[in-house]
Amino acid sequence: MGKNYKDISDAELYYMLKGSKSESKKAFDELYRRHSTNVYTYCRKVLNNDPMAEDIFQETFTRFYESAKQDREMTNVSGYLIKIARNLCLNEKAKKYNDKVSLDDLQLPHYDVSYGNKQLNELLQTALDALPKKYREVIVLREYLDMSYKEIAEAVGTTMPVVRIRIYRAKGKIRELLAPYFEEMKDYN
């Protein structure tokens, strides 16, 4: 009876990528199962182009797999994958637009919702678009991809205190931008 790869930590699975071909494949398959959805979602939201997102998504996992051959200590697989995807997305956008823009085309998902909720989603998207890029990126990683502060810090190459400050300021700015809407809603109730 073989190992149950679902019970093994990400860090251990990453280390196992250096093992035999069979062990490496099983470890990679489990890491892919755990993290592919978030990485693909990130690529799609940043690039706003499905074929390009698929290419970057595949390249992210290729580079991730190749990185296991190096002597590297891995403590945060999710953050490392997002960091690879982020760098590849930035490079792709730089090639396409000759300008390093990371999240200009980011769109939150639109669900089939009532008119009021649709309007609120549009207002929230407008508020997100108004945020400086450094605030928009961390708030999306936190609220949309549900990443921890530590994972975000690793993914964007900063410290956890900086991430906390950016998220705090982003939420404050969103509240400030949406305050007139909520004041208007109070008048109707």
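Residues numbered from 1 in each chain as written. Predicted model: local features only at pLDDT ≥ 70, side-chain atom pairs only at ≥ 80, totals over all residues. Heavy atoms only, no water.

Caption draft 1: Structural context of the side chain of Thr-41. Summarising the element assignment, Thr-41 is placed in helix H2 (residues 21-47). Side-chain polar atoms of Thr-41 contact the backbone oxygen of Thr-37, separated by 2.8 Å. Residues contacting Thr-41, with those up to four places away along its chain left out, are Tyr-144 and Leu-145. (Helix = DSSP H or I, 4+ residues; strand = E, 2+ residues; numbered from the N terminus. Polar contact = N/O pair within 3.5 Å; in protein donor to acceptor, adjacent residues only side chain to side chain. Contact = heavy atoms within 4.5 Å.)

Caption draft 2: Summary view of the packing of aromatic side chains. Considering all chains together, one arrives at 10 aromatic pairs under this definition. With 5.4 Å between their ring centres and 50 degrees between their planes, Tyr-14 and Phe-64 make a pair best called tilted. Of this pair, Tyr-14 sits in helix H1 (residues 10-16) while Phe-64 is found in helix H3 (residues 50-67), placing the two residues 50 residues apart along the sequence. Overall, Tyr-14 belongs to the buried group, its relative accessible area being 1%. (Phe/Tyr/Trp six-rings, centres within 6.5 Å; stacked < 30°, edge-to-face > 60°. Buried < 20%, exposed > 50% of the residue type's maximum accessible area, 1.4 Å probe, protein only.)

Caption draft 3: Spatial organisation of the packing of H2 against H3. At a closest axis distance of 9 Å, the pairing of H2 and H3 adopts a crossing angle of 145 degrees. As for the relative orientation of H2 and H3, their crossing is right-handed in sense. Between H2, through Ser-24, Phe-28, Leu-31, Tyr-32, His-35, Ser-36, Val-39, Tyr-40, Cys-43, Arg-44 and Leu-47, and H3, the contact on the second element is made entirely by Asp-50, Met-52, Ala-53, Glu-54, Ile-56, Phe-57, Thr-60, Phe-61, Phe-64 and Tyr-65. Broken down by class, the residue content of the contact of H2 with H3 amounts to 14 nonpolar, four polar and three charged. (Axes fitted to C-alpha atoms, helices over the stretch in contact; angles between N-to-C directions. Left-handed = near helix turned anticlockwise from the far one by under 90°. Nonpolar A, V, L, I, M, F, W, Y, C, P; charged D, E, K, R; others polar.)

Caption draft 4: Representation of H2 within the structure. Along its 27 residues, H2 runs just 33 Å from first to last C-alpha, ending more than 12% under the 39 Å computed at 1.5 Å per residue. Along H2, the helix axis deviates most sharply at His-35, where the bend reaches about 55 degrees. Asn-48 sits one or two positions beyond H2 and adopts a positive phi of about 55 degrees. (Expected span 1.5 Å × (residues − 1). Bend = angle between axes of the 7 residues up to and from the residue.)

Caption draft 5: Quick peek at the packing of helix H6 (residues 133-143) against helix H7 (residues 149-156). Relative to each other, H6 and H7 sit at 135 degrees, their axes nearing to 10 Å. It follows that H6 is oblique to H7 by the angle criterion. For the pair H6 and H7, the sense of crossing is right-handed. From H6, Glu-137, Val-138, Leu-141 and Arg-142 reach across to H7, where they touch Tyr-149, Ile-152 and Val-156. Tallied by class, the residues present in the contact of H6 with H7 amount to five nonpolar, no polar and two charged. (Parallel < 35°, antiparallel > 145°, perpendicular 65-115°, else oblique.)

Caption draft 6: Highlighting the state of the cysteines. For the coordinates displayed, the defined rule picks out zero disulfides. Cysteine Cys-89 remains unbridged, with the sulfur of Cys-43 as its closest cysteine sulfur at 4.2 Å. Take Cys-89: its relative accessible area is 1%, and that puts it in the buried class. (Disulfide = S-S within 2.5 Å.)

Caption draft 7: Focus on the pattern of salt bridges. For the structure shown, the criterion picks out nine salt bridges. Linking Glu-30 and Arg-33 is a salt bridge whose minimum nitrogen-to-oxygen distance equals 2.5 Å. Taken together, the positions of Glu-30 and Arg-33, both in helix H2 and three residues apart, correspond to about one turn of that helix. Between Glu-176 and Lys-173 there is a salt bridge, and its shortest N-O distance comes to 3.5 Å. (Salt bridge = Lys/Arg side-chain N within 4 Å of Asp/Glu carboxyl O.)

Caption draft 8: Summary view of the confidence of the model for the chain. Residues with a pLDDT of 70 or more make up 85% of the chain, whose mean pLDDT is 81. Under a pLDDT of 50 for its full length, residues 98-113 has, in the predicted model, 39 contacts with residues more than four places off or in other chains. (pLDDT = per-residue confidence, 0-100.)

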